[in-house]
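Structure at a glance
What follows is the residue order along each chain.
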Amino acid sequence: MSRMATTTSSAPGPPSAVVAALRCPLCEAEFTPGQDALRCARGHAFDLARQGYVNLLHAKVPADTADTAEMVAARAEFLDAGFYAPLADALAARSSGRLVLDAGAGTGYYLARVLRSLPEATGLALDLSARAVRRAARAHPRAGGAVWNVWWPWPVRSGVADVVLDVFAPRHVDEFHRVLRDDGTLLVVVPGEEHLRELTELFGLLAPDEHKLDRLDSATRGRFALTDRVRVGGPVTLPPDDARRAVLMGPNAHHLHRDDLGARLAGLSTPVTVTTSFTVSAYRKVRP
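1. Focus: the overall build of the chain
Per the secondary structure count, the chain includes ten helices and eleven strands. C-alpha extents for the chain along the principal axes are approximately 55 × 40 × 35 Å. Out of the 288 residues in the chain, the part that is buried amounts to 53%. For the chain, contacts bridging at least 24 residues in sequence account for 65% of all contacts bridging at least 6. Per element, the accessible surface of the chain, about 13,300 Å² overall, is 50% carbon and sulfur.

Structural data, given as structure tokens:
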């Protein structure tokens, strides 16, 4: 499976549509873009990174909370190899509109695929990891990003998003509902019970939660109505390096010293055929 080159953007700061969608995390006022910072009417300012993102956090992030540089690199390399392309295509096929918000966007792989299918759309990536947001903001010329904890109220204006993506990320249902337009679409992806089962058994990894889909339905009940649900996936054969990346890009990377996981991963020398399994759920807003 060939690796796909990542599209990058050299424009300083996020696209104007991303700036227009953001609001000050301290006072909720709209931003006025400057040459090197975003400023609100009350004088709060946040420096713009030349890679196309802004860090809106006003508190330090604990070192063990955000993804590490190694996790981000592993995720970027694994996703760029195309193993999860069917999932990205399923999201793109269910997306429409002009502003796509990816909550917990990681490296921006899925956001970039959606933007390629929507030539008039702009993408906003939110993630706690500055390393990941830096990549996400450069994953497509019409993408920008903001470093933020998606468990908190989002620094995003109400009713601005046509699509909200949530792929294996924390699900802040109240914020999903607030930022979506009345006719917008929420797309949530959770792993199936069989996802990467072979790696789980081989290395004794954390298994997907078999009740995650039930909890998603319970959390969205009364706020969103399910309009479509599809299962995506199938067997893929991972070369040893990509099998290692599949482990290292997720939460298991925090436990490399448990049962000598790091050493056993390093010793993997043959390809592994694994099951990929995703459930994509599409929702529309339910008005109060």
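And the narrative resumes.
2. Digging into the nonpolar core
Within the largest apolar cluster, 47 residues are counted, with the highest numbers of intra-cluster contacts made by Tyr-84, Leu-91, Val-100, Tyr-110, Leu-199 and Leu-238. The contacts of Tyr-110, once residues within four sequence positions are left out, are Leu-79, Tyr-84, Leu-87, Ala-88, Leu-91, Asp-102, Leu-165, Val-167 and Phe-168. Counting residues in each nonpolar core, the second largest holds 46 residues, with Ala-21, Ala-29, Val-190 and Leu-216 among its members.

3. Focus: the environment of Pro-33
Examined against the element boundaries, Pro-33 turns out to sit in strand β1 (residues 31-33). Overall, the relative accessible area of 52% leaves Pro-33 in the exposed class. C-alpha separation for the pair Pro-33 and Pro-14, spaced 19 residues apart in sequence, amounts to 9.5 Å. In this view, Pro-33 contacts Val-19 and Leu-38; residues no more than four positions away in its chain are not counted.

4. Looking at the sheet that holds strand β6 (residues 122-127)
A sheet is described by the order of its strands in space; here eleven strands give the open sequence β1-β2-β3-β4-β7-β6-β5-β8-β9-β11-β10, paired in mixed fashion. A single partner strand is all that each edge strand has here, and the edge strands are β1 and β10 (224-238). For this sheet, the mean angle separating the axes of adjacent strands, direction not counted, is 20 degrees. Pairing between β10 and strand β11 (residues 272-285): 14 bridges, direction antiparallel. Directly across from Leu-226, in β11, lies its bridge partner Tyr-283. Where helix α8 (residues 212-220) meets the sheet, its contacts fall on β9 (180-191), β10 and β11, and the angle it forms with β11 comes to roughly 10 degrees.

5. Topic: the environment of Ala-29
Relative to the helices and strands, Ala-29 is located in the loop between α1 (16-21) and β1. A sequence separation of 192 residues divides Ala-29 from Arg-221, and the C-alpha atoms of the two residues are 31 Å apart. Contacts of Ala-29, omitting those with residues within four sequence positions, involve Arg-23, Cys-24, Cys-40 and Ala-41.

6. Quick look at the pattern of salt bridges
Within this structure, the stated rule accounts for 17 salt bridges. Where Arg-287 meets Asp-182, a salt bridge forms, and the shortest distance between an N and an O atom there is 3.7 Å. Of the two residues, Arg-287 is situated in the segment after β11 and Asp-182 in strand β9; the sequence distance between them amounts to 105 residues. Given a relative accessible area of 62%, Arg-287 falls into the exposed group. Taking the relative accessible area as the measure of exposure, Asp-182 reaches 46% and is therefore partly exposed. In this structure, Glu-198 and Arg-197 form a salt bridge, with 3.1 Å as the shortest nitrogen-oxygen distance. On the accessibility criterion, Arg-197 (30% relative accessible area) is partly exposed. Overlapping salt bridges, with partners in common, bring together Glu-194, Arg-197, Glu-198 and Glu-201 in one network.

7. Description of the packing of aromatic side chains
Where two aromatic rings form a pair, the distance of their centres and the angle of their planes describe that pair. All told, the structure shown has nine aromatic pairs when counted by the stated rule. Where Phe-224 meets Tyr-283, the ring centres are 6.3 Å apart and the plane angle is 70 degrees; that geometry is what we call edge-to-face. Within this pair, whereas Phe-224 is found in strand β10, its partner Tyr-283 is found in strand β11, the two being separated by 59 residues in sequence. The exposure class assigned to Phe-224 is buried, which follows from its relative accessible area of 5%. A relative accessible area of 2% places Tyr-283 in the buried class. The structure contains a cluster of three or more aromatic residues connected by ring pairs, namely Phe-78, Phe-83, Tyr-84, Phe-168 and Phe-278.

Thresholds, definitions, all that
- Residues numbered from 1 in each chain as written.
- Predicted model: local features only at pLDDT ≥ 70, side-chain atom pairs only at ≥ 80, totals over all residues.
- Heavy atoms only, no water.
- Helix = DSSP H or I, 4+ residues; strand = E, 2+ residues; numbered from the N terminus.
- Buried < 20%, exposed > 50% of the residue type's maximum accessible area, 1.4 Å probe, protein only.
- Contact = heavy atoms within 4.5 Å.
- Areas by Shrake-Rupley, 256 points an atom, 1.4 Å probe, with all protein chains shown as cover.
- Core = buried A, V, L, I, M, F, W, Y, C linked by side-chain atoms within 4.5 Å.
- Pairing = 2+ DSSP bridges.
- Axes fitted to C-alpha atoms, helices over the stretch in contact; angles between N-to-C directions.
- Salt bridge = Lys/Arg side-chain N within 4 Å of Asp/Glu carboxyl O.
- Phe/Tyr/Trp six-rings, centres within 6.5 Å; stacked < 30°, edge-to-face > 60°.

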